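# Inside the fold
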Amino acid sequence: MPMTFNLGQSVPVGKCADKHLIERVRFLYGQSTVAIGGTTLGALLTYAALLPHGELAPLTAWCAVFIAVAALRLLLVHRFRRAFIQEGRIRHWMRLHAVGALAAGVCYGASALFLTESQPEAIRLFIYLIVAGLAAGAVTTNAAIMPSLLAFTVPLIAPLTVHFLLPPLDQSSWLAAIASVVFLAAMLTAGWRQNRAIDAMLRIKFENLDLIRTLESAKADGEVLNDSLKAEIASRRRTQIELARSVALYQATMDAVDQGILVADRAGRVAAVNGRFRELWGVSDSGVADALRDLDPVDNSRHGRSKDRLIERPDGRVFEHQALHYRLEVEPLGLVHTVRDVTARIAAERELRQAKEVAEAANRAKSEFLAHMSHELRTPLNAIIGFSDIFRLEMFGSVGNDRYRSYADDIHESATLLLSLINDILDLSKVEAGRFDLSDDLLSVAHAVSATLRLTRSRATDAGIRLKAGVGADLPALRADERALKQMLVNLVTNAVKFTPSAGAVTIDAEIADDGSLVVSVTDTGIGMSQEEIPLALEPFTQIDNAMSRRHQGTGLGLPLVRALMEAHDGRLELESAPGKGTVARLVFPASRLVGTGEPPPRALQAG
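Conventions adopted
Residues numbered from 1 in each chain as written. Predicted model: local features only at pLDDT ≥ 70, side-chain atom pairs only at ≥ 80, totals over all residues. Heavy atoms only, no water. Helix = DSSP H or I, 4+ residues; strand = E, 2+ residues; numbered from the N terminus. Buried < 20%, exposed > 50% of the residue type's maximum accessible area, 1.4 Å probe, protein only. Contact = heavy atoms within 4.5 Å. Areas by Shrake-Rupley, 256 points an atom, 1.4 Å probe, with all protein chains shown as cover. Axes fitted to C-alpha atoms, helices over the stretch in contact; angles between N-to-C directions. Parallel < 35°, antiparallel > 145°, perpendicular 65-115°, else oblique. Left-handed = near helix turned anticlockwise from the far one by under 90°. Nonpolar A, V, L, I, M, F, W, Y, C, P; charged D, E, K, R; others polar. Salt bridge = Lys/Arg side-chain N within 4 Å of Asp/Glu carboxyl O. Expected span 1.5 Å × (residues − 1). Pairing = 2+ DSSP bridges. Patch = residues over 30% accessible without salt bridge, like charges linked within 9 Å, V, L, I, M, F, W, Y side chains within 5 Å. Core = buried A, V, L, I, M, F, W, Y, C linked by side-chain atoms within 4.5 Å.

## Overview of the overall build of the chain
Counting its regular elements, the chain contains 16 helices and 13 strands. The proportion of buried residues among the 608 residues of the chain is 39%. Taking contacts inside the chain between residues at least 6 apart in sequence as the whole, the part at least 24 apart equals 66%. Summing over all exposed atoms, the chain offers an accessible surface of approximately 34600 Å²; the carbon and sulfur share of this is 59%.

So, in structure tokens, the structure goes:
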């Protein structure tokens, strides 16, 4: 079969040896159909010759195995012809062919070793002749790849040699064995020469193909060179036109921006300038160089950009100046200076700063005024509360009329409420004015929670609310103001009781968070708030409009005061709430305010 090299089916291969191997394997598989047909015909002739004097079962089994091997080899040839040949897979196909040839050689060699023992001399000679013919044919069909030739020929001839050397040995047996070895060597030598001839033929073929490609490439290169010269001339014309357009667009773009732009080259000469720069700086073309000298050099920052700096002109205008390196790849080419008039912005910032200072001063004055007035009001209120107590309790005798006693109760309750309001205003004002002095005491959180429960339990009982507490036994001591801590807890619990319907529950918990901070939580099952209402609840003198707030009057200072006191302790107040699902208020104290391990909680807290 003539050898072919299909360049369309081959992948590009860099080395000539790889191309040779691909072509050899193709030639090998191209001859395989003839080789398989020849070996199958030889097997059938052998079967027919051995059948009259041999056993039917072994002969039939041997013939069936040989035909199965031949069928598998034909299937392999079929798959190879349908496969896309790749460089990385060619050795795989070569190994598969060698395995098939080895199987065929072993099957046929076995016939000479095991199936001819009881045959007449003429039959054995006939079998030896077929074996010799198959070996000679393998030189033609398998010589392209030496491993395939060896895989078929050696197991085909070697069993003959072994058969001749089996006892009883005589001179003819030794001569036959030597002859078989010489014949095997002759076949392998002929195969090797055939392999070298195929290699030389392929080398000549590839050299001719390379020469053809070189000639075709030279012709194409000449045509390409001619076309490229024409294209280069046209490209240069287009480039000149595009360059002129780019220059015009560049200048138009620079003139259109509101910033003044001045471009300097690496030598410090003016490379480009826009009209806005001349207008802002008040110079003509001849004065641009002097304006460039007025600008300081750029800071050598990592990105080649200077920090914004302000330049004040003699006429009072203020400009913001920035300089930027521009480069061609990594080579610096110069600086781009940008100038923007920020006079109005600077004036607005100055006015805003002054307005802020005025507002802060007014807020401080308000806080100081409220603190002073609240202090002045507490003295007469204490007198009113004391005298109303005398009337209520009839300390100096009966008042004589129950209506007077009722009036005294109203006076005492109103004065007490007003005093509580004034105290909240005074505390909030002190915190805002920075005059609230914290006393850092080492406190037991459990004891503070227990005191809070005692102070609020009667109000919760009257409202039908259950109070519960859960404080860990290993809580550390807290460094805080004792009065402020109790005031915050009472405010939160009172607020929770106020906005929790009857049969609800309010729970106080305390635990150490993952970040080491102390979290004291007050959780209720009340009406809750929406996310939009939480910021309103934290504003002083603001109340959320709902049925519960209308039923329980208040000043709206409880939560703002708690937040202010927590900020004074370097902590924070967190609120988590949803309508109809209750509210969780958390006092988060930083880990820096915790000291050692606290005492065990009181028995009342452990019982809940």
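## Some details on the packing of helix 12 (residues 482–498) against helix 15 (residues 558–568)
For the pair helix 12 and helix 15, the least separation of the axes is 10 Å and the interaxial angle reads 150°. One element, helix 12, and the other, helix 15, form an angle in the roughly antiparallel class. Judged by the twist between their axes, the crossing of helix 12 over helix 15 is left-handed. Each of Ala484, Gln487, Met488, Asn491, Leu492 and Asn495 in helix 12 lies in contact with helix 15, whose residues at this interface are Gly558, Leu559, Leu561, Val562, Leu565 and Met566. In terms of residue class, the contact of helix 12 with helix 15 is made up of eight nonpolar, four polar and no charged.

## Points about the pattern of salt bridges
Following the criterion strictly, the structure yields 11 salt bridges and no others. Arginine 26 serves as the salt-bridge partner of glutamate 23, at 3.9 Å between the closest nitrogen and oxygen. Placement of both glutamate 23 and arginine 26 in helix 1 (residues 16–50) is noted, with a separation of three residues, approximately one turn of the helix. With relative accessibility at 1%, the residue glutamate 23 sits in the buried group. With its nearest N and O atoms 3.7 Å apart, the salt bridge here joins lysine 205 to glutamate 23.

## Remarks on helix 4 (residues 121–142)
Along its 22 residues, helix 4 runs 31 Å from first to last C-alpha, staying within 8% of the 32 Å computed at 1.5 Å per residue. All of the buried residues in helix 4 are Ile123, Arg124, Ile127, Tyr128, Ile130, Val131, Leu134, Ala135, Ala138, Val139, Thr141 and Asn142.

## Topic: the sheet that holds strand 12 (residues 583–589)
One open sheet holds the five strands; their spatial order is 7-9-10-12-11, and the pairing between them is mixed. Edge positions in the sheet fall to strand 7 (466–471) and strand 11 (572–577), since each of these pairs with one other strand and no more. Ignoring which end each strand starts from, the neighbouring axes of this sheet average 15° apart. Sheet analysis places strand 9 (residues 505–512) next to strand 10 (residues 518–524), joined by seven bridges and oriented antiparallel. Bridge pairing links isoleucine 508 to valine 522 in strand 10. Against the sheet, helix 12 contacts strand 7, strand 9, strand 10 and strand 12, and its axis sits at roughly 170° relative to strand 12. Across the sheet, helix 15 lies against strand 11 and strand 12, angled at about 140° from strand 11, the strand it touches most.

## A short note on a nonpolar patch on the surface
Side chains of Ile384, Tyr404, Tyr407 and Ile411 sit close together on the surface and give an oily, nonpolar patch of about 410 Å² of accessible area. Sorting elements by how many residues they give to the nonpolar patch places helix 10 (residues 402–433) first, with three residues. Structurally, isoleucine 411 can be placed in helix 10.

## Notes on the nonpolar core
Ranked by internal contacts, the top residues of the largest apolar core, which has 43 residues, are Val520, Leu587 and Phe589. For this core, the leading source of residues is helix 12, giving eight residues. Leaving out residues up to four positions away in the same chain, phenylalanine 589 has contacts with Leu478, Leu485, Met488, Ser517, Leu518, Val520, Met566 and His569. Ranked by size, the runner-up nonpolar core spans 35 residues in total, among them Leu59, Ala104, Ala135 and Leu149.

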